[in-house]
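Architecture and fold: a report
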Amino acid sequence: MKKKISEEAKRLMDERFGHDTLIALATTADDIPNVRAVNAYYENGAFYIITHAQSNKMKQIAENPNVGLCGEWFTAYGIGLNLGWFCKEDNRIIAEKLKNVFREWIDNGHNNFDDENTCILCVRLKDGVLFSHGTRYDILF
């Protein structure tokens, strides 16, 4: 039986993913899985990703918000939510965190923050498995 995330698992999640980290994000389109690598930041049971509202991943999430994630000895599923434009006032706090976390590449020309389609994808985790030094953590978020 899975139980809510333990303090040790929370610590491990923060340690592994509470910075700029590369994870695999899986979505579906017409019952076909699509997986891509994304830069993400983890905080309080959710991953945050800067993306474009017209990207395939966001179109697929609009159709089916159930997504899968995979990272360093971690796999989970959750619900993808488009938080809207990166510069929207409601996103100010998380956007500032993301600017800091992704500071090494955020201004490399890939992102256009004047474009209201530059958005924040939030993946609220539901269920996952985390491994650390031979210990398995089955967790509900």
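Residues numbered from 1 in each chain as written. Predicted model: local features only at pLDDT ≥ 70, side-chain atom pairs only at ≥ 80, totals over all residues. Heavy atoms only, no water.

A closer look at the UniProt feature "domain: Pyridoxamine 5'-phosphate oxidase N-terminal" (unreviewed entry) in the chain
Worth spelling out the cut-off: UniProt positions are given in the numbering used here, feature names are shortened, and annotations may be inferred rather than shown by experiment. To qualify as a helix, a DSSP run of H or I must reach at least 4 residues; to qualify as a strand, a run of E must reach at least 2; elements of each kind are numbered from the N terminus.
Sites flagged by UniProt as "domain: Pyridoxamine 5'-phosphate oxidase N-terminal" (unreviewed entry) map to residues 16-78. For residues 16-78, the helix share is 16%, the strand share is 62%, and the end-to-end C-alpha distance is 18 Å.

Things to note about the nonpolar core
This is how it is decided: Note on terminology: a nonpolar core comprises buried Ala, Val, Leu, Ile, Met, Phe, Trp, Tyr and Cys residues joined through side-chain atoms within 4.5 Å. To sort residues, take the accessible area from a 1.4 Å probe on protein chains only and compare it with the maximum for the residue type: under 20% means buried, over 50% means exposed, and anything in between is partly exposed.
Among the nonpolar cores identified, the biggest contains 26 residues, and Met-13, Leu-25, Phe-47, Phe-74, Val-123, Leu-125 and Leu-130 are the most heavily contacted of them. In terms of nonpolar packing, the next biggest core, distinct from the first, is built from 15 residues, Ile-50, Leu-98, Val-101 and Ile-106 among them.

Structural notes on the pairing of strand S5 (residues 66-71)
Put simply, the rule reads: A pair of strands is considered paired only if DSSP assigns at least 2 bridges between the two.
With burial as the criterion, only one face of S5 is covered, namely that bearing Val-67, Leu-69 and Gly-71; the residues Asn-66, Gly-68 and Cys-70 on the opposite face remain uncovered. Note that S5 and strand S6 (residues 74-85) share six bridges and pair antiparallel. Residue pairing across strands places Asn-66 opposite Ile-79, the latter belonging to S6.

Section: the packing of aromatic side chains
Just so we agree on the cut-off: Ring geometry is summarised as follows: Phe, Tyr and Trp rings, the Trp one being its six-membered ring, pair when their centres sit within 6.5 Å, and such pairs are stacked at plane angles under 30 degrees, edge-to-face over 60 and tilted between the two.
Under the definition given, this model contains seven aromatic pairs. On the numbers, 6.3 Å between centres and 40° between planes, the contact of Phe-47 with Phe-74 is tilted. One end of the pair, Phe-47, is in strand S4 (residues 46-52); the other, Phe-74, is in strand S6, with 27 residues separating them in the sequence. With a relative accessible area of 3%, Phe-74 lands in the buried category. An angle of 40° between the planes, with centres 4.5 Å apart, marks the rings of Phe-86 and Phe-113 as tilted. Note that Phe-86 is positioned in the loop between S6 and helix H3 (92-101) and Phe-113 in the loop between H3 and strand S7 (118-132), a separation of 27 residues in sequence. Using a relative accessible area of 17% as the deciding quantity, one classes Phe-113 as buried.

Describing the side chain of Gln-60
Threshold: For this analysis, a polar contact is any N or O atom pair within 3.5 Å, provided that within protein one partner can donate a hydrogen and the other can accept it, and provided that sequence-adjacent residues contribute only side-chain to side-chain pairs. Here a residue-residue contact requires only that any non-hydrogen atoms of the pair lie within 4.5 Å.
Within the secondary structure layout, Gln-60 lies in helix H2 (residues 56-63). Gln-60 sits in the buried class, given a relative accessible area of 10%. Reaching out from Gln-60, the side chain makes a polar contact with the side chain of Arg-36 at a distance of 3.1 Å. Look past the residues within four positions of Gln-60 in its chain and what remains in contact with it is Thr-27, Thr-28, Ala-29, Asn-34 and Arg-36.

A word on the side chain of Arg-36
Stated formally: The convention is simple: Lys and Arg are positive, Asp and Glu are negative, and His and the chain ends are not counted. Put simply, a salt bridge is a Lys or Arg side-chain nitrogen that is within 4 Å of an Asp or Glu carboxyl oxygen.
The topology assignment puts Arg-36 in strand S3 (residues 32-43). At 12 Å, Asp-30 is the nearest oppositely charged side chain to Arg-36, a buried residue that forms no salt bridge. At a separation of 2.9 Å, a polar atom in the side chain of Arg-36 contacts the side chain of Thr-27. Among all residues touching Arg-36, those that are not within four sequence positions of it are Ile-23, Ala-24, Leu-25, Ala-26, Thr-27, Asn-56, Lys-57 and Gln-60.

Description of helix H1 (residues 7-17)
This is how it is decided: When we speak of the arc, we mean the arc of directions from the helix axis to the C-beta atoms.
Taken residue by residue, H1 has Ala-9, Leu-12, Met-13, Arg-16 and Phe-17 as its buried positions. Axial view of H1: buried residues confined to an arc of 100°, hence all on one face. Of the exposed residues in H1, those oriented more than 90 degrees away from the buried face are Glu-7 and Glu-15.

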